[in-house]
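# Overview (structure and organization)
Residues per chain are reported as follows:
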Amino acid sequence: MDLGTLVQTLTDWVVRIGTSVNDLPGTVAFGLGLFTWFALEQILRRMVSGLRWVILIGVVVALGLSIPYLAGLMFERGGPVEIAQ
């Protein structure tokens, strides 16, 4: 089961129960809210974790492209260094 199907199934289930939330006992309504919060937190955590990897890979690629450029600027600009005697 992929993440999209899981999210849709949980959303449909919560909406179905949420339409009758006024008729639920307080403990059951609290449990539903707690479960909904926990499920949403887990889904967001997985999405942010994936986004974190995308950002890290982007940083590595950006450093891979900029380190040779910076090294070239540092070592080639002043020309050869003369040794004082």
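Residues numbered from 1 in each chain as written. Predicted model: local features only at pLDDT ≥ 70, side-chain atom pairs only at ≥ 80, totals over all residues. Heavy atoms only, no water.

Here we take up the pattern of salt bridges. Close approach of charged atoms lets side chains of opposite charge pair. According to the stated counting rule, one finds one salt bridge in the structure shown. The partner of Arg45 in a salt bridge is Glu41, and the shortest N-O contact between them spans 3.1 Å. Of this pair, Arg45 and Glu41 are both found in helix 2 (residues 26-76), four residues apart, which corresponds to roughly one turn of the helix. The exposure class assigned to Glu41 is partly exposed, which follows from its relative accessible area of 27%. (Salt bridge = Lys/Arg side-chain N within 4 Å of Asp/Glu carboxyl O. Helix = DSSP H or I, 4+ residues; strand = E, 2+ residues; numbered from the N terminus. Buried < 20%, exposed > 50% of the residue type's maximum accessible area, 1.4 Å probe, protein only.)

This part covers the packing of aromatic side chains. Going through the model one piece at a time under the given rule, you end up with one aromatic pair. With centroids separated by 5.5 Å and ring planes inclined at 90°, the aromatic side chains of Trp13 and Phe35 adopt a geometry described as edge-to-face. With Trp13 in helix 1 (residues 3-18) and Phe35 in helix 2, the pair connects residues that are 22 residues apart, well separated along the chain. Judged by relative accessible area, Phe35 falls into the partly exposed class, the value being 36%. (Phe/Tyr/Trp six-rings, centres within 6.5 Å; stacked < 30°, edge-to-face > 60°.)

Structurally, the position occupied by Val21 is in the loop between helix 1 and helix 2. What makes Val21 partly exposed here is its relative accessible area of 31%. It is 9.0 Å that separates the C-alpha atoms of Val21 and Leu32, two residues lying 11 residues apart in sequence.

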